[in-house]
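Here's the letter readout for the chains.
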Amino acid sequence: MRPYEDWWVEDVSNWGVGEWTAWDRLAQSDAETSFFLDARSVQALFADPDRVVRAVVWHEHAGRAPEQWLGVAVVEDTWAESHRLEKHLASGAGWFSGLSRLMHGRKGVLRFPVRVMGSVLGSGGHAYRFGASVPAEERRIIVGETLQRSLRSAPGPLKPRVALVKDFPKEHPEERIGGASNWLPNWVDLEFDPIMQLPLNPEWKALDDYLGELRTKSRTKVKRILACSEGCSIQSLSLSELEAQIDEIYSLYGQVYGEASFRLGTLMPKDLIEAKRSWGDRFRVEVIRHNDRTVAFYCGYQTATTVEAFFVGFHRGLNRDLSLYQRMLIEFIRWGIEAGVQHVVMGRTALDIKSSIGALPEAWYCSVWFKNPAVHRGVRLVARRSWPRYASLKRPWKLDAFPVTHRAPGKGEWM
């Protein structure tokens, strides 16, 4: 393995064009580009003083000059919070429920700091990028060694004792790999819910073209969703409008976030503002209004090939009557069709609802390492005897529909 050094950068304010050009050259070096590793997103993260975030640059021993950079990543220290394992994990082991109660205590909450490489706020392959001169196997070793060493020598203000790298696509979606070490030996692979995404037919020009590929029952459901919310209006916010409405928008986000059974970090008001400031029209924040009142918001990124849903929030008391959540998902699809992208990525939550309007599952996993060897072994045991808990996904597409017939073999099969 070639010699390298890792450089942890806590303040990027003094970086100039040379550093950011070198960053993007590496961050976008793979076929799968990452908007979370794009220089604009990294600068937006560093603009939020409430986040414990650092840039990691791997470089040759000769020095830190941009032309000597080998790879880049963003690491954030944050809090992981679980509300009863059995809410989001299932197990056939008789001891599982008792262990869950013991771990979560009387309040039913297990909370601990974690060092995350990859996007805390998003899902997908945003962990790290290296230049072509560094083979894939070396990349994993370099990343693993760097994170393990950092927990021992640079604990930071939160003093995390666990490192998490996310996410990696499963080569065989039908196989359970929880507790294995596919990414790197001595690390533990963890399975979470699949990432839901919808491939878009390049011939679709409007929402009606998408509807035409659905089965009659599913098409009727989507039309009913649109009918429920036809009295609503949708407004795309400018930066100044977002800043003026941020408290109201963040309050709506809190109504959704508070219901999550597992949380890794949290969205902060400044995240939305800085993303809008950095990405402009490529980052949309749209609000749904009903009776002159903001009742929901949704936001997302548009890249060259995808529309990536980011976060949503809605008034829980009005969600059922107005079909707010489903309407927002349909608007992501409309956005993707109008933008002419290849996929709409909807994230991990609410699998049943997303599948009912056509989103398909892509199986991904994370890998974790605990500083405490006993805890590390315990997590491996739990991971081997448990799996994500979710309902059977819907099958809304006609058998010859584009999203079904144009999928990569073996990728993201139906559950």
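Just above, that's the structure.
Anyway, here's the lowdown on the structure attached to this text. The structure presented is a predicted model; accordingly, all values stated were derived computationally and were not measured.

Reading the values: rules and limits
- Residues numbered from 1 in each chain as written.
- Predicted model: local features only at pLDDT ≥ 70, side-chain atom pairs only at ≥ 80, totals over all residues.
- Heavy atoms only, no water.
- Phe/Tyr/Trp six-rings, centres within 6.5 Å; stacked < 30°, edge-to-face > 60°.
- Helix = DSSP H or I, 4+ residues; strand = E, 2+ residues; numbered from the N terminus.
- Buried < 20%, exposed > 50% of the residue type's maximum accessible area, 1.4 Å probe, protein only.
- Lys NZ or Arg CZ within 6 Å of the ring centre and 35° of its normal.
- Pairing = 2+ DSSP bridges.
- Axes fitted to C-alpha atoms, helices over the stretch in contact; angles between N-to-C directions.
- Contact = heavy atoms within 4.5 Å.
- Salt bridge = Lys/Arg side-chain N within 4 Å of Asp/Glu carboxyl O.
- Disulfide = S-S within 2.5 Å.
- Left-handed = near helix turned anticlockwise from the far one by under 90°.
- Nonpolar A, V, L, I, M, F, W, Y, C, P; charged D, E, K, R; others polar.
- Polar contact = N/O pair within 3.5 Å; in protein donor to acceptor, adjacent residues only side chain to side chain.

Let's shift gears to the packing of aromatic side chains. Between two aromatic rings, the relevant description is the distance of the centres plus the angle of the planes. In total, this model carries 32 aromatic pairs according to the counting rule given. Note on Tyr210 and Trp397: the rings are 5.8 Å apart at their centroids and 75° apart in plane angle, and the pair reads as edge-to-face. Linking Tyr210 in helix α6 (residues 207-211) with Trp397 in the loop between β18 (387-388) and α14 (402-405), this pair joins segments that are 187 residues apart in sequence. What makes Trp397 buried here is its relative accessible area of 2%. When the centroid spacing of 5.4 Å and the interplanar angle of 75° are considered together, the rings of Tyr301 and Phe310 count as edge-to-face. Take Phe310: its relative accessible area is 12%, and that puts it in the buried class. Each residue in the set Phe35, Phe36, Tyr250, Tyr253, Tyr257, Trp279, Phe283, Tyr301, Phe310 and Phe311 is aromatic and connected to the rest through ring pairs, giving one cluster. Against the face of Trp279 rests Arg40, its NZ or CZ located 4.0 Å from the ring centre. Here the basic side chain of Arg111 rests over the ring of Trp79, its NZ or CZ set 4.2 Å away from the ring centre.

On to the pairing of strand β7 (residues 162-169). Both faces of the sheet carry side chains from a regular strand, because those side chains alternate between them. By the criterion of burial, β7 is predominantly enclosed, with seven of the eight residues buried. Bridge count between strand β5 (residues 110-117) and β7: three bridges; the pairing is parallel. Bridging across to β7, Val116 finds its partner in Leu164. Pairing analysis gives six bridges linking β7 to strand β17 (residues 364-370), with the strands arranged antiparallel. Across the sheet, the residue bridging to Val165 is Ser367, located in β17.

Moving on, we get to the sheet that holds strand β10 (residues 233-236). Strand order across the open sheet formed by seven strands is β10-β12-β13-β14-β15-β9-β16, with mixed pairing between neighbours. Two strands bound the open sheet, and with one partner strand each, they are β10 and β16 (360-362). For this sheet, the mean angle separating the axes of adjacent strands, direction not counted, is 30°. Judged from the four bridges that link them, β10 and strand β12 (residues 283-289) form a sheet pairing that is antiparallel. Bridge pairing in β12 links Ile234 to Ile288. Helix α8 (residues 239-257) contacts β10, β12, β13 (294-302) and β14 (306-314) of the sheet and is inclined by roughly 75° relative to β14. Across the sheet, helix α11 (residues 324-339) lies against β9 (195-199), β10, β12, β13, β14 and β15 (343-347), angled at about 35° from β13, the strand it touches most.

A few words now on the pattern of salt bridges. Here the structure, examined in full by the defined rule, presents 18 salt bridges. The residue Glu81 makes a salt bridge to Arg263 at a minimum N-O spacing of 3.1 Å. Here the residue Glu81 occupies a position in strand β3 (residues 69-82), and Arg263 occupies one in strand β11 (residues 262-264), the gap between them amounting to 182 residues. Across the pair Glu331 and Arg334 runs a salt bridge, and its minimum N-O distance is 3.0 Å. One end of the pair, Glu331, and the other, Arg334, are both in helix α11, three residues apart, so they sit about a helical turn from each other.

It is worth spelling out the environment of Pro49 at this point. Summarising the element assignment, Pro49 is placed in the loop between α2 (39-46) and β2 (52-59). Given a relative accessible area of 66%, Pro49 falls into the exposed group. Expressed as a C-alpha distance, the spacing of Pro49 and Lys270, which sit 221 residues apart in the sequence, is 9.3 Å.

As a further point, take the state of the cysteines. Here is the idea: a disulfide is a covalent bond, and it sits between the sulfur atoms of two cysteines. Applying the stated criterion to the full structure yields zero disulfides. For Cys228, which is in no disulfide, the shortest distance to another cysteine sulfur is to Cys232 and amounts to 9.7 Å.

For the rest of this paragraph, the subject is unusual backbone geometry. At the junction of Lys166 and Asp167, the peptide bond is cis and its omega measures out at -10° in the coordinates. For Asp167, the position within the fold is in strand β7. With a phi angle near 50°, Ser323 is a residue other than glycine that sits in the positive phi range.

Further remarks concern the packing of α2 against helix α9 (residues 269-279). At a minimum axis distance of 9 Å, the contact between α2 and α9 shows a crossing angle of 145°. With respect to the hand of their crossing, α2 and α9 are arranged in right-handed fashion. Counted together, Arg40, Ser41 and Ala44 of α2 and Glu274, Ala275, Ser278 and Trp279 of α9 form the full contact between these two elements. For the contact of α2 with α9, the class distribution of residues is three nonpolar, two polar and two charged.

Position of Lys170 among the secondary structure elements: in the loop between β7 and β8 (188-191). At a separation of 2.5 Å, a polar atom in the side chain of Lys170 contacts the main-chain carbonyl oxygen of Glu175. A polar contact is formed between the side chain of Lys170 and the side chain of Glu191, at a distance of 2.9 Å. Beyond its immediate stretch of four places on either side in the chain, Lys170 contacts Glu175, Arg176, Ile177, Glu191, Ala363, Trp364 and Tyr365.

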